[in-house]
Amino acid sequence: MEREFKWTIKDPVEFDRIADSKMVAPLVVEETRLEMEATYYDTADGQIAKSHGGLRLRRENTDNIVCLKLAAQTGFNGAYKAREEYECHASDIRTGIQNLPSAGAPKEICDCLLQANLIELGRTMFTRFNFQLEYINCTCELAFDYGKLTRNGRVGTICEMELELKSGSEVDFDELAIKLQREFELEPQPLSKLARMMRL
């Protein structure tokens, strides 16, 4: 189960201000930078969209990862989402779908996707500045994403911040997210990258 908060950032210069703040900097235990490029797919009849999910093949530096997300639960004015998420390493989307059941994904859904005609919906390309944080009894990732969305020749901007729970207390995770939102007057982003891409 993926649990995360997402906020819109108006200007990428804010990334450093937040990361270097007295609130965040003492919590950081590791920093990484990833170059991301993702292609999103659905069936010709929109099976994934109808289930409010998402299917993508994403390159993360040199790794290729296929990810299936299912319908999300939301809260905190749209900033918070919790949803089923399944990932596996694969060189192409169909190989990934074949392997997803071994990562816990529902086999019946994967079987349907393998039998369907998959179409490309659009792409995202962005840089992720990632900080692993430890806060009380939880470990989480704070990510700053900056780049673009593309669909049918149209282009949109990605400039956002995410906080994702990796392990530990959900209560402590929620507490940290609320503190961040209040401290930096963050604007909740209720729409996923896929949803925003589909609006282009």
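The written sequence of each chain sets the order in which its residues are numbered from 1. The predicted origin of the model limits local features to residues at a pLDDT of at least 70 and limits the giving and counting of side-chain atom pairs to 80 or more, whereas totals for whole chains, interfaces and linings rest on all residues. Side-chain metrics rest on all non-hydrogen atoms present in the structure, leaving aside hydrogens and water.

**Side note on the pairing of strand E5 (residues 80-89)**
The pairing of strand E1 (residues 2-8) with E5 spans four bridges and is classified as antiparallel. Looking at E5, one finds that Glu-4 is bridged to Lys-81. Counting the residues that bridge the hairpin from strand E4 (residues 63-75) to E5 gives four residues, and of these Phe-76 lies at a positive phi of roughly 50°. At least two DSSP bridges between two strands are required for those strands to pair. Strands are runs of DSSP state E lasting at least two residues, helices are runs of H or I lasting at least four, and both sets are numbered from the N terminus onward.

**A short note on helix H5 (residues 170-183)**
Helix span, as expected, comes to 1.5 Å for every residue beyond the first. The first and last C-alpha atoms of H5 sit 20 Å apart over 14 residues, in line with the 20 Å expected at 1.5 Å per residue. Within the sequence span of H5, burial applies to Asp-172, Phe-173, Leu-176, Ala-177 and Leu-180. Along the axis of H5, the buried positions cluster into a sector of 135°, meaning they face one direction only. Along H5, exposed side chains directed more than 90 degrees from the buried face belong to Val-171 and Arg-182. On its buried side, H5 packs onto E1, E5, strand E6 (118-135), strand E7 (138-151) and strand E8 (154-168). Of the residues one or two after H5, Glu-185 is the one with positive phi, at around 50°. Only protein chains enter the accessibility calculation, which uses a 1.4 Å probe; a residue is then buried when its area is under 20% of its type maximum, exposed when over 50%, and partly exposed in between. Arc, as used here, means the arc of the directions from the helix axis to the C-beta atoms. Any two residues whose heavy atoms approach within 4.5 Å are treated as being in contact.

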